[in-house]
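Geometric and topological summary
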Amino acid sequence: MFFHMKELQYHAKPSRPDPIFARQLQEALGGQFGEISVSLQYLFQGWNSRADAKYRDLLMDVGTEELAHVEMLATMIARLLDNAPVGDQETAAKDPVVGAVLGGMNPQHAIVAGLGAMPADINGNSWTADYIIASGNLLADFRANLNAESQGRLQVTRLYKATNDPAVKDMLSFLIARDTMHQNMWKAAIAELEAQENIVVPSTFPRELEKQEVAYDFYNLSEGEESRRGRWASGRSIDGLGEFKYYPQGVAYGDKPKLSPAPDYIFNTPPWIRPKKKEE
């Protein structure tokens, strides 16, 4: 059961209209790493969790907070669109929609959403549930969550630099701070799980079924050998169960593939056709 408070978690009122920044802010709302994505990702992970109850509670807590961020951003976008000027081309384009396009505003804000926010990214691409990761393995999912918070915070800091509206900056500063907490939170949860499971997901797959002789090999498959200097190229593996080994080139364990001819009814190119030699 969800309970909605009418007050926003933080202020979401700009100093002035700015339809162009409203379009940019859509990325933080409906982009791949936006608030819609993380809110539903955390909630589905929580709803599906079969692990310790504290992890389900964690996911439900933060997923619900992210819904509050969705509301904040939607409110800010709508207010940025209030009384927004059509743009510098208003004289040349009396039609407000044409002027909006020429000025850089997303015309969908006017035509589709009636001067409101949309579940879409900066280019008007609709948000998709394909962005959500909820596998049932909490270590894998929490790592995905840490990545989502990292990418989301990165984008919001860029948005912070893209506006000079102090009120918008103030709201973004709040979201940036909450992303700081959430990155720390997921890192703490990951460390707790890793302490019990080790670092490789899934930890329950039998090691005897894994080809151990290649489990810690690094293959240099590009020009240069700078990668040799990395922590991943020598010494004890991070999971403590093997030794990293560096190979200056790839290792071919299999033979050259040779496929049998396809049946006649498939009408593939016949195997007897060969490219002509240059001298021919």
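Residues numbered from 1 in each chain as written. Predicted model: local features only at pLDDT ≥ 70, side-chain atom pairs only at ≥ 80, totals over all residues. Heavy atoms only, no water.

**What about the sheet that holds strand 2 (residues 235-236)?**
Defined as follows: A pair of strands is labelled paired if DSSP reports no fewer than 2 bridges between them. By definition, any uninterrupted DSSP run of H or I lasting at least four residues is a helix, any uninterrupted run of E lasting at least two residues is a strand, and each is numbered from the N terminus.
Strand order in the open sheet formed by 3 strands is 1-3-2, and the pairing between neighbours is mixed. Taken across any chain shown, the strands that pair with only one partner, and hence form the sheet edges, are strand 1 (217-219) and strand 2. Here strand 2 runs beside strand 3 (residues 243-247); their pairing, made up of 2 bridges, is antiparallel. Across the sheet, residue G235 finds its bridge partner in strand 3, namely F244.

**Considering empty space enclosed by the protein**
Definition in use: Buriedness of a pocket was judged along seven lines, with at least five required to meet protein on both sides within 12 Å; pockets are open sets of points on a 1 Å grid over the protein atoms alone, cavities are sets where a 1.4 Å probe fits but cannot get out, and lining residues have an atom within 4 Å of a point. Grid points are joined across faces, edges and corners, and a volume is the space filled by probe spheres set on the points. Under the scheme applied, nonpolar residues are Ala, Val, Leu, Ile, Met, Phe, Trp, Tyr, Cys and Pro; charged residues are Asp, Glu, Lys and Arg; polar residues are all the others, including Gly.
All told, the structure shown has 2 cavities of 30 Å³ or more when counted by the stated rule. Volume-wise, the largest cavity comes out at about 90 Å³. Considering the residues around the largest cavity, the lining is formed by 13 residues, among which F33, G34, E35, G152 and D179 are closest to the centre. Among the elements of the structure, helix 1 (19-30), helix 2 (35-48) and helix 6 (138-162) are those that each provide at least two residues to the lining of the largest cavity. Top contributing element to the lining of the largest cavity by residue count: helix 6, with 6 residues. In the lining of the largest cavity, the residues fall into 5 nonpolar, 3 polar and 5 charged. Size it by volume and the second largest cavity reaches roughly 30 Å³. Taken together, R16, D18, F21, L80, T163, D165 and V168 make up the full set of residues lining the second largest cavity.

Limitation: the analysis is restricted to geometry and does not speak to function.
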